[in-house]
Amino acid sequence: MSQIFSYQPNFDQIAEELAVHGFSCISEVIVSEYVSNLSAVVYNQHYWYKESDSFHGHNTFLVPNLINKSTYCLDLAFDDNILAIAKRFFLPGAYHDEKNVYQLHLMHGRVIEGQSPPQQLHIDSRCCGIYPPSHLHFFLYLDDCVAAGDGATRFVPGSHRFLRYSRQEDDSKAVEVHGKKGTLIVLNSATYHGSSQKSTIGTRGVLTFAFSRWFIRQPFSIPYFKSWPRELTEQERYILGFDNYGAIDDFSRISARGILPDLIANPYNL
Ligand SMILES: O=C(O)CCC(=O)C(=O)O
Ligand SMILES: [Fe+2]
């Protein structure tokens, strides 16, 4: 059994719930010690910034871009269970013989410290109702989120199919998904969601990571990062999107994607 997953998720059930509700909750699936290691990465970053905008809200900190900060973060993104869920999710919408149809989109931490109002419902796919789906998000609870007031993420079931953006009235249809530390929630990123009211003291952290189709722009230029915590395999480089950048002239290559040796950081000469 993997050192990351304490049991093998039910892939059929996850696919079914993603299709019908837009999200699926895998209870306490990440090994507790592994969650603690990830928590340490999130909670020990020195460059935290406090979001003061209305989207992230009061007392909330964002720790952007964790993918190259530790091997724990890297290994989570490449875990076979995670990739099996992503592979199945992105299958509709890709040519049947196309390879590497998705890439890592982002990985960050979001921490609510103390009390905070609910985060407004939103989608992270940018396009509402998009099908075939464009992005897949994972939220890993770094702390217990088991009761009302703990700041659990809430979702509007079925909203990934709505051809409109979320509105205030949707709040009444949102359901909180509770779970203990180590619970992993998977969502079609077009599903309306947001953290709920936090009325307890103490922190509530989530590690968020997402995958997107290979041709979608990543929010950070991951293949240009100069430092990595360990060597990357060729397959891992694909998943991180190393080959998905456009060439800057007519000569580098003529295909839509592929290796750009002079442009893309290749610290390990793989
Ligand atoms: O913290 C959460 O529960 C959700 C955060 C979220 O959806 C976001 O920041 O986009
Ligand atoms: Fe979100």
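Residues numbered from 1 in each chain as written. Chains lettered and ligands numbered in written order. Predicted model: local features only at pLDDT ≥ 70, side-chain atom pairs only at ≥ 80, totals over all residues.

Across the sheet, which stays open at both edges, the three strands sit in the order 7-6-9 with antiparallel pairing between neighbours. The open sheet has two free edges, formed respectively by strand 7 (175-177) and strand 9 (193-195), since each of these has just one partner strand. Neighbour-to-neighbour, the strand axes of this sheet turn through a mean angle of 35°, independent of strand direction. (Pairing = 2+ DSSP bridges. Helix = DSSP H or I, 4+ residues; strand = E, 2+ residues; numbered from the N terminus. Axes fitted to C-alpha atoms, helices over the stretch in contact; angles between N-to-C directions.)

Taken domain by domain, the chain consists of domain 1 (11-215) and domain 2 (231-270). Put simply, the middle of domain 1 and the middle of domain 2, counted by C-alpha atoms, are 28 Å apart. Here the side of domain 1 that touches domain 2 is built from residues that sort into four nonpolar, two polar and no charged. (Domains from an automatic or database assignment. Nonpolar A, V, L, I, M, F, W, Y, C, P; charged D, E, K, R; others polar.)

Counting 59 residues, the largest nonpolar core has Ala77, Leu140 and Val186 as the members making the most contacts within it. For this core, the element with the highest residue contribution is strand 4 (residues 102-113), accounting for six residues. Structurally, this core is a two-domain feature, drawing no fewer than three residues from each of domain 1 (11-215) and domain 2 (231-270). Apart from residues no more than four positions distant in its own chain, Ala77 is found in contact with Ile67, Ile82, Leu104, Met107 and Phe209. (Core = buried A, V, L, I, M, F, W, Y, C linked by C-beta atoms within 7 Å. Buried ≥ 20, exposed ≤ 12 C-beta atoms within 10 Å, placed from the backbone. Contact = placed C-beta atoms within 7 Å.)

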